[in-house]
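Overview (structure and organization)
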Amino acid sequence: MPNHDDILRLEGISKAYPGVKALDNVGFSLKKGEVHALVGENGAGKSTLIKCISGAIRPDSGKIFLDNKEFLSIGPKDTIEHGIVTVYQELNLIPSLSVAENVFVGERRGGKLLYNRQKVERECKKILEDFHIDIDATAIVSELSVAQRQLVEIVRAISRNVRILILDEPTSSLTVHETQFLFDTIRRLKQNGVTIIYISHIFEETFALADRITVMRDGRYIDTLETAKTNKAELIKLMVGRDISDSFPVRNVSLGDVVLKVENMTAPGVENISFDLRRGEILGFAGLVGAGRTELMNAIYGASEKSEGTITIKGKLINMKSPHDGIRFGLGMIPEDRKLQGIFLRANVLDNISSANLKNLTRFGLMRDKSAARIASEFRDKLRIKTPSLSQLAQNLSGGNQQKVAVAKALAPNPEILIFDEPTRGIDVGAKQEIYKLMDELVAQGHSILMVSSEMVELMGMADRIIVLANHRKAGELTREQFSQEAILTLASDETPKAV
């Protein structure tokens, strides 16, 4: 029955693409002035649903009601009229323009006849000050951090008299401090009467912000619950359709000889770092954003050039000059940024998985198609990659399934040493369990893993040891018996770490 408190209501929304039904008879409602979380595994249909709400795509069937007015679909004019603004995980700013210019792009601001830059900047500055956002309105966007750009997107939404704000994984690139600042901004928007759809795989965020939570699975609406009357275990069961343990694998692997030794490594973003890695070990790397974790992994893999130090693999001194060398000497890497470095968005799933394994899949310069298809199919099934076929373009997959393709690509050449840089970022709880299980199987088979993660619980659940970086240097090392969030944070926040 229609509820007059609803600012938005969807009935029977369906959307199909070749080989997949993205939405199947979905009903959804949004109350005025609430924070409403939308949760589900990757491929559940969340992104397609918000695209229908934001007017980015037209549903095949169903009805949409805005302020109790019926629409068969929403167009750009409707989103402007009803104040619907979406901030996607992949930001949509013009890097060469200033903050103020991006905030008011496409609008007549500043003057009746001529563009008045000073007036535009003053208006932008006022919004920034009202929401206590410390960003210069005249700054060029290309010079801002990812977190600052995320806030600029939100400021642009505020400037357009937003009534419904859709946030898609807004904290994926934010530090703890920046995340808290975003939460404060969301609460201020709610106090001002803005309705917010919040999409996140992080349950702590969902429970901290949301008034209600809607669960989706396999393109279908499952249930809507009041946040205060549910819990993490219930949400997980609704999301995956089965009971799933929240614990990490119980590992019982005997560590072997040293397979990787890094001594006095200095490279862009890291200084004088030393450590070793044993066969069958998962070695974790913790640190705040900007501490140098990714930079260290890039130098080890050959993606950046070291200026000092040595890398020894299985007793042999190695001079890494490129990722090709990394693959050749038995390293595989799942990079932090899957879209820019992990996969080829315009290539299909088969070609992505095969791309790092061409040496084993070609003969006389020709691809062994049957072998490539067999290996890709095995990884698709093992990692539960949701794709209608191996010929599907990677850019058409959900973010979590793109991440799984990046993992499959790195694993295909069967490397002895694997670098997992934020392996579960943007991945739902069910897929996380699969990645953890896979890592456990790999070390049981004799592989070794370097694991970077910003989730301390994840590191403590998976790693045998944790190395903490601060200010581009090694701040300390913890054994499993020494693991605690307090110990990690104490080392990570050290202002003057000493190499150890």
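Everything below is about the structure printed above this text.
Residue numbers run consecutively from 1 along every chain, following the written order of its sequence. Whole-chain, interface and lining totals are the exception, using all residues; otherwise, since this is a predicted model, local features are given only for residues with pLDDT of at least 70 and side-chain atom pairs are given and counted only at 80 or more. Note: side-chain values were computed over all heavy atoms of the structure, leaving out hydrogens and water.

Re the layout of surface pockets
The volume enclosed by the second largest pocket comes to roughly 590 Å³. Secondary structure follows DSSP: runs of H or I at least 4 residues long count as helices, runs of E at least 2 residues long count as strands, and numbering of each begins at the N terminus. Breaking the lining of the second largest pocket down by element, the ones donating at least two residues are helix 2 (76-81), strand 6 (84-87) and helix 5 (146-159). It is strand 6 that contributes the most residues to the lining of the second largest pocket, 4 residues altogether. Three classes are used: nonpolar for Ala, Val, Leu, Ile, Met, Phe, Trp, Tyr, Cys and Pro, charged for Asp, Glu, Lys and Arg, and polar for all others, with Gly counted as polar. In terms of residue class, the lining of the second largest pocket is made up of 8 nonpolar, 7 polar and 5 charged. Within this scheme a cavity is a closed region of a 1 Å grid, computed over the protein atoms alone, that accommodates a 1.4 Å probe without allowing it to escape, whereas a pocket is open but has protein on both sides within 12 Å along at least five of seven lines; lining residues each have an atom within 4 Å of a point. Grid points are joined across faces, edges and corners, and a volume is the space filled by probe spheres set on the points.

Some details on the pattern of salt bridges
Each salt bridge in this description consists of a side-chain nitrogen of Lys or Arg and a carboxyl oxygen of Asp or Glu lying within 4 Å of one another. Under the criterion given, the structure shown has 27 salt bridges. Connected via shared salt-bridge partners are D276, E281, R465, K474 and E477.

Concerning the environment of E422
Structurally, E422 can be placed in the loop between strand 19 (417-421) and helix 16 (429-444). Relative accessibility thresholds used throughout: buried, under 20% of the residue-type maximum; exposed, over 50%; partly exposed, between the two (1.4 Å probe, protein chains only). On the accessibility criterion, E422 (5% relative accessible area) is buried. Sequence spacing of E422 and R384 is 38 residues, and the spatial spacing of their C-alpha atoms is 19 Å.

Quick look at the sheet that holds strand 13 (residues 282-286)
For two strands to be treated as a pair, DSSP must find at least two bridges joining them. With mixed pairing, 6 strands are arranged side by side in an open sheet as 16-19-20-13-21-22. Of all strands in the sheet, those bounded by a partner on one side alone are strand 16 (331-334) and strand 22 (473-479). Each adjacent strand pair in this sheet contributes to an overall mean axis angle of 20°, direction not counted. In the sheet, strand 19 pairs with strand 20 (residues 448-452) via 5 bridges, with the strands oriented parallel. In this analysis an axis means a line fitted to C-alpha atoms, helices contributing only their contacting stretch, and an angle means the value between N-to-C directions, from 0 to 180 degrees.

A word on the sheet that holds strand 1 (residues 6-17)
In spatial order, the strands read 2-1-4-5; together these 4 strands make up an open sheet with antiparallel pairing. Bordering the open sheet on either side are strand 2 (20-31) and strand 5 (69-71), each of which pairs with just one other strand. Neighbouring strand axes in the sheet, compared pairwise and without regard to direction, differ in orientation by 20° on average. Pairs of residues are marked as contacts when any of their non-hydrogen atoms sit within 4.5 Å. On the sheet, helix 1 (residues 46-54) packs against strand 1, strand 2 and strand 4 (61-66) and is oriented at approximately 60° with respect to strand 2.

Let's talk about helix 8 (residues 232-240)
Inspection of helix 8 places L235, I236, L238, M239 and V240 among the buried residues, and these make up the whole buried set. Of the surrounding elements, those touching the buried residues of helix 8 are strand 3 (35-39), helix 7 (203-209), strand 9 (212-217), strand 10 (220-226) and helix 16. Polar contacts, as used here, are pairs of N or O atoms within 3.5 Å; protein pairs need one atom able to donate a hydrogen and one able to accept it. Residues neighboring in sequence count only if both atoms are side-chain atoms. Looking at where helix 8 begins, the residue whose side-chain oxygen comes 3.2 Å from the main-chain nitrogen of A233 is N231. Following helix 8 by one or two positions, G241 has its phi on the positive side, about 75°.

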